[in-house]
Amino acid sequence: MNILADFRTHRPATLADAVSALAADGAVPLAAGTDLLPNLRRGLGQPAVLVDLTGIGGLETISILADGSLRIGAGATLEAIAEHGLVRNAWPALAEAAAAVAGPTHRAAATLGGNLCQDTRCIFYNQSEWWRAGNGYCLKYQGDKCHVIVKNDRCYATYHGDVAPALMVLGARVEIAGPAGRRSLAVEELFREDGAGHLSLGRGELVVAVEVPPASGWRTVYAKARIRDAVDFPLAGVAVALRRDGDRVAGLKVAITGTNSAPLRVPTDELVGGRWDAAAAETLSQLVRKTSNVLKTTVTGVGYRRRVLLALAPRTVDALWQGG
Ligand SMILES: Cc1cc2nc3c(=O)[nH]c(=O)nc-3n(C[C@H](O)[C@H](O)[C@H](O)COP(=O)(O)OP(=O)(O)OC[C@H]3O[C@@H](n4cnc5c(N)ncnc54)[C@H](O)[C@@H]3O)c2cc1C
Ligand code: SF4
């Protein structure tokens, strides 16, 4: 770890103040800092000012709207989401994903906004300054070569956030505030398949809240495979929303994380209307294989990560299906 570089901090009390502070050159939002600060300690980034969002009143609120939707402020902690009775009952995949992030001390402080917007990861990037200098840096930061994919067309660092795929299968939308006002995006539209620019946020924009529609009729789950169960990023994470009508699949949504530079929906339309059986499970594995792009971005071998992912997806649907 390096000594932290010099930066200023600013702790606005209102969203409007935060937006105007973030419009300045080199301004970066800071929530609980569990992702950002370790990166800065490694010399990854040189912000001029950290705009601390924790002073904005109401940003941590979790509420149920008149139409039954769930609204969660970007400043809500993962612990609050994981332990919220209504979330656990009505949107279990979301509570499970929040509970699966890192360890209890992280979750007590770490926020929804920070979880969604966390940086992508790579063994050639999440290293100390001297390690990266010894390798000539890389094109995600300070260098011009990718050590993972030699064609150098973009950065392939992997997104390992747990919560985004759960929100994606739940059909959630993210509310964004910025210099041009408010806008709302489907959660999948917040992300891009580019490890060096994986968020579609413009300059000065920040995530304000997430809205999740009622999940009536859907059974949902989030499953995560990791090396150390106590504290670890997902080797592979799979979120599933399933509607069952007798022995037919009436609806199926699957999203994956830990595989690409963005969390991704797996196209599952061809499985809807059919039975859930061994052939369907194999088809789902193939669809996941086509969607994912597991590369040498973590210390765990690529072959193992792929096998885990391809087994985890059908197994997760199976568990929901058996549950009735
Ligand atoms: C040991 C360890 C294990 C971890 N394991 C996991 C894991 O298993 N799963 C997982 O998902 N994560 C994991 N993390 C990463 C991190 O702890 C979590 O993602 C956490 O939720 C980040 O939230 P935060 O509030 O601390 O974000 P911060 O670190 O404050 O911010 C993260 C990023 O988001 C930006 N940001 C923050 N809030 C907003 C906002 N409202 N709008 C726009 N941008 C914003 C920041 O500028 C920064 O770039 C781990 C981290 C550590 C150190
Ligand atoms: S994928 Fe390539 S460019 Fe991106 S962080 Fe890894 S080595 Fe760097």
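Here the structure is a predicted model, which means the values were calculated and not measured. (Residues numbered from 1 in each chain as written. Chains lettered and ligands numbered in written order. Predicted model: local features only at pLDDT ≥ 70, side-chain atom pairs only at ≥ 80, totals over all residues. Heavy atoms only, no water.)

A.B. asks: When you look at the overall build of the protein chain in this model, what are you seeing that I'm missing?
C.D. replies: When its secondary structure is counted, the protein chain shows eleven helices and twelve strands. Taking 20 Å as the expected radius of gyration for a compact globule of 324 residues, we find that the protein chain reaches 20 Å, a close match to that expectation. Based on the C-alpha atoms only, the size of the protein chain along its principal axes is roughly 60 × 50 × 35 Å. In the protein chain, the share of contacts with a sequence separation of at least 24, taken over all contacts with a separation of at least 6, comes to 63%. When the accessible area of the protein chain is evaluated, it comes to approximately 14,200 Å², of which 52% is carbon and sulfur surface. (Helix = DSSP H or I, 4+ residues; strand = E, 2+ residues; numbered from the N terminus. Rg over C-alpha atoms; globule rule 2.2 N^0.38 Å. Contact = heavy atoms within 4.5 Å. Areas by Shrake-Rupley, 256 points an atom, 1.4 Å probe, with all protein chains shown as cover.)

A.B. asks: How do you make sense of the pairing of strand 6 (residues 173-178) when you look at a structure like this?
C.D. replies: Two faces, one strand: in a regular strand the side chains alternate between the faces of the sheet. Extensive coverage of strand 6 is indicated by the burial of five of its six residues. In this structure, strand 6 lies alongside strand 7 (residues 181-186), joined through six bridges in antiparallel fashion. Residue pairing in the sheet places Ala-177 in a bridge with Arg-182 of strand 7. With antiparallel pairing between neighbouring strands as the criterion, strand 6 and strand 7 make up a hairpin whose turn holds two residues. (Buried < 20%, exposed > 50% of the residue type's maximum accessible area, 1.4 Å probe, protein only. Pairing = 2+ DSSP bridges.)

A.B. asks: Please explain the sheet that holds strand 6 as it appears in this structure.
C.D. replies: Where strands meet in a sheet, backbone hydrogen bonds hold them as pairs that are either parallel or antiparallel. Pairing in this open sheet of five strands is antiparallel, and the strands run 4-5-8-6-7 from one edge to the other. Here the strands that pair on one side only, and so sit at the sheet edges, are strand 4 (62-64) and strand 7. Strand after strand, the sheet turns through a mean of 20 degrees between neighbouring axes, direction not considered. The strands touched by helix 1 (residues 15-22) are strand 6, strand 7 and strand 8 (206-212); relative to strand 8, the strand with the most contacts, the crossing angle is about 130 degrees. (Axes fitted to C-alpha atoms, helices over the stretch in contact; angles between N-to-C directions.)

A.B. asks: How should the site of ligand 2 be read in this particular structure?
C.D. replies: All residues adjacent to ligand 2 are Cys-122, Phe-124, Tyr-125, Cys-138, Leu-139, Lys-140, Cys-146, His-147, Val-148, Cys-155, Tyr-156 and Ala-157. The pocket occupied by ligand 2, as judged from atoms lying within 2 Å of grid points, is the largest cavity. Residue composition of the shell around ligand 2, grouped by class: ten nonpolar, one polar and one charged. (Near = heavy atom within 4 Å. 1 Å grid on protein atoms, 1.4 Å probe; cavity = no way out; pocket = protein on both sides within 12 Å on 5 of 7 lines; lining within 4 Å. Sits in = over half its atoms within 2 Å of the grid points. Nonpolar A, V, L, I, M, F, W, Y, C, P; charged D, E, K, R; others polar.)

A.B. asks: How do you make sense of helix 1 when you look at a structure like this?
C.D. replies: Think of an α-helix as 3.6 residues a turn; residues three or four steps apart then line up on the same face. The complete set of buried residues in helix 1 reads Leu-15, Ala-18, Val-19, Ala-21 and Leu-22. Taken end-on, helix 1 shows its buried residues confined to a sector of 165 degrees, consistent with a single buried face. The inward-facing, buried residues of helix 1 contact strand 1 (8-10), strand 2 (27-30), strand 3 (49-52), strand 6, strand 7 and strand 8. (Arc of directions from axis to C-beta.)

A.B. asks: Looking at this structure, I do not really get the packing of aromatic side chains. What am I missing?
C.D. replies: How two aromatic rings sit relative to each other is set out by the distance from centre to centre and by the angle between their planes. Within the structure shown, the criterion is met by two aromatic pairs. Each ring, one from Phe-124 and one from Trp-131, has its centre 6.1 Å from the other, and the planes form 55 degrees; the classification is tilted. Positioned above the aromatic ring of Tyr-125, the side-chain terminus of Lys-140 is 4.6 Å from the ring centre. In this structure, Arg-154 is placed above the aromatic ring of Tyr-156, and the distance from its NZ or CZ to the ring centre is 3.9 Å. (Phe/Tyr/Trp six-rings, centres within 6.5 Å; stacked < 30°, edge-to-face > 60°. Lys NZ or Arg CZ within 6 Å of the ring centre and 35° of its normal.)

A.B. asks: How should the site of ligand 1 be read in this particular structure?
C.D. replies: Taken together, 33 residues sit near ligand 1, with Pro-29, Gly-33, Thr-34, Asp-162 and Asp-232 positioned nearest. In the environment of ligand 1, an oxygen atom lies 3.0 Å from a nitrogen or oxygen atom belonging to the side chain of Asn-115. Within the backbone of Asp-232, a nitrogen or oxygen atom sits 2.7 Å from an oxygen atom of ligand 1. Within the complex, the protein chains bury 90% of what would otherwise be the 980 Å² of accessible surface of ligand 1. Those elements that place two or more of their residues in the shell around ligand 1 are strand 2, helix 7 (112-117) and strand 8. Its residues assigned to classes, the shell around ligand 1 shows 19 nonpolar, ten polar and four charged. Built from parts of two domains, the shell around ligand 1 gets at least three residues from each of domain 1 (1-52) and domain 2 (219-322). (Polar contact = N/O pair within 3.5 Å; in protein donor to acceptor, adjacent residues only side chain to side chain. Domains from an automatic or database assignment.)

A.B. asks: Quick question: what am I supposed to make of helix 5 (residues 92-99) here?
C.D. replies: In terms of burial, helix 5 is largely enclosed, as six of its eight residues are buried. Listed in full, the buried residues belonging to helix 5 are Pro-92, Ala-93, Leu-94, Ala-95, Ala-97 and Ala-98.

A.B. asks: Before we go on, may I ask you to explain the environment of Gly-136 in this structure?
C.D. replies: Assignment of secondary structure puts Gly-136 in the loop between helix 8 (129-134) and helix 9 (163-169). For Gly-136, a relative accessible area of 42% corresponds to the partly exposed category. Taking C-alpha positions, Gly-136 is 24 Å from Glu-193, a pair spaced 57 residues apart along the chain.

A.B. asks: How do you make sense of the side chain of Arg-305 when you look at a structure like this?
C.D. replies: Position of Arg-305 among the secondary structure elements: in helix 11 (residues 302-322). Beyond its immediate stretch of four places on either side in the chain, Arg-305 contacts Thr-158, Leu-235, Gly-258, Val-294, Leu-295, Thr-297, Thr-298 and Thr-300.

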